[in-house]
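Spelled out from the first residue to the last, the chains are:
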Amino acid sequence: ETGVTQTPRHLVMGMTNKKSLKCEQHLGHNAMYWYKQSAKKPLELMFVYNFKEQTENNSVPSRFSPECPNSSHLFLHLHTLQPEDSALYLCASSQKASGMDEQFFGPGTRLTVL
Amino acid sequence: GENVEQHPSTLSVQEGDSAVIKCTYSDSASNYFPWYKQELGKRPQLIIDIRSNVGEKKDQRIAVTLNKTAKHFSLHITETQPEDSAVYFCAAGDGNNRLAFGKGNQVVVIP
């Protein structure tokens, strides 16, 4: 698959589990993003990475931990989540992290926390 | 920070009619306004965008208009088709790393 890929597509975890979400972009972009999408709410920006450096942490609880080893890969490590963290987690990338460039989204990971 | 509001939250239109969705934003420094379409179970995809140096942009059946004085921009879909049924998100960007998204509008095209 080209563009932005995410794995897994679906994840069910207990509150004591530790899991990771993976995102990979094949577009040669320099910026990557994590968003949380919940029903009836705007897309919530969680983290922004520009050239592997974190440039934005939008007051996200520490139970979410991002990692960006290179410009093509982005991870979101999850631990001791709460049921209200259940949502669709979308990864996106853009040429640069200016807020002025088209963002290309991945298919998302549907997360359910029991 | 930027606050983006979308109206209406749900819009039903008869196939062939036009649909208009309006967004308002709060930060006068915003100068990039994209619209994303998200079909059920799929990822959001950019359908059209506009920058503050123009007032209108058109791409086939889709157009976006921008009123910077009033701080609102609108998406116009003409000759709607069933495949236009989706959630449409507007966003505003000011060049400071982030896009602020609205809550989304559910558009239903009735055959």
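Remember, it's a predicted structure, so these values are computed and weren't measured experimentally.

Considerations on the pattern of salt bridges
Residue and element names in this part refer to chain A.
Alright, step 1. By the definition in use, this model includes five salt bridges over all chains.
Alright, step 2. Aspartate 85 serves as the salt-bridge partner of arginine 63, at 2.7 Å between the closest nitrogen and oxygen. Taken together, the residues arginine 63 in the loop between strand 6 (53-57) and strand 7 (64-70) and aspartate 85 in the loop between strand 8 (73-79) and strand 9 (87-94) connect sequence positions 22 residues apart. Taken individually, arginine 63 and aspartate 85 each receive the classification buried, so the pair is uniform in this respect.
Alright, step 3. The partner of aspartate 101 in a salt bridge is lysine 96, with the nearest N and O atoms 3.4 Å apart.
Alright, step 4. A residue is classified by how much of its surface remains accessible, and aspartate 101, at 16% relative accessible area, is buried.
Alright, step 5. Given a relative accessible area of 42%, lysine 96 falls into the partly exposed group.

Thoughts on the nonpolar core
Alright, step 1. If you look at the biggest cluster of nonpolar residues, it comprises 24 residues, and the most contacted ones within it are Val4, Tyr25, Phe33, Trp35, Phe73, Leu75 and Tyr88 of chain B.
Alright, step 2. Residue assignment for this core shows that the elements contributing at least two residues are strand 2 (10-14), strand 3 (19-25), strand 4 (32-38), strand 5 (45-51), strand 7 (62-67), strand 8 (72-77), strand 9 (86-93) and strand 11 (105-110) of chain B.
Alright, step 3. Leu11, Leu21, Trp34 and Cys68 of chain A belong to the second largest nonpolar core, which has 22 residues in total.

Focus: the interface of chain B and chain A
Alright, step 1. The interface is formed by 19 residues belonging to chain B together with 26 residues belonging to chain A.
Alright, step 2. Both sides together, the interface formed by chain B and chain A hides about 1,900 Å², and carbon and sulfur atoms give 49% of it.
Alright, step 3. Between chain B and chain A we count five residue pairs in polar contact (both at pLDDT 80 or more) in total.
Alright, step 4. At the level of secondary structure, the elements contributing two or more residues to the side of chain B that touches chain A comprise strand 4, strand 5, strand 9 and strand 10 (99-101) of chain B.
Alright, step 5. No other element matches strand 4 of chain B, which puts three residues into the side of chain B that touches chain A.
Alright, step 6. The residue inventory of the side of chain B that touches chain A, partitioned by class, reads seven nonpolar, seven polar and five charged.

Calculation rules
- Residues numbered from 1 in each chain as written.
- Chains lettered and ligands numbered in written order.
- Predicted model: local features only at pLDDT ≥ 70, side-chain atom pairs only at ≥ 80, totals over all residues.
- Heavy atoms only, no water.
- Salt bridge = Lys/Arg side-chain N within 4 Å of Asp/Glu carboxyl O.
- Helix = DSSP H or I, 4+ residues; strand = E, 2+ residues; numbered from the N terminus.
- Buried < 20%, exposed > 50% of the residue type's maximum accessible area, 1.4 Å probe, protein only.
- Core = buried A, V, L, I, M, F, W, Y, C linked by side-chain atoms within 4.5 Å.
- Contact = heavy atoms within 4.5 Å.
- Buried area = accessible area lost by both parts, 1.4 Å probe.
- Polar contact = N/O pair within 3.5 Å; in protein donor to acceptor, adjacent residues only side chain to side chain.
- Nonpolar A, V, L, I, M, F, W, Y, C, P; charged D, E, K, R; others polar.

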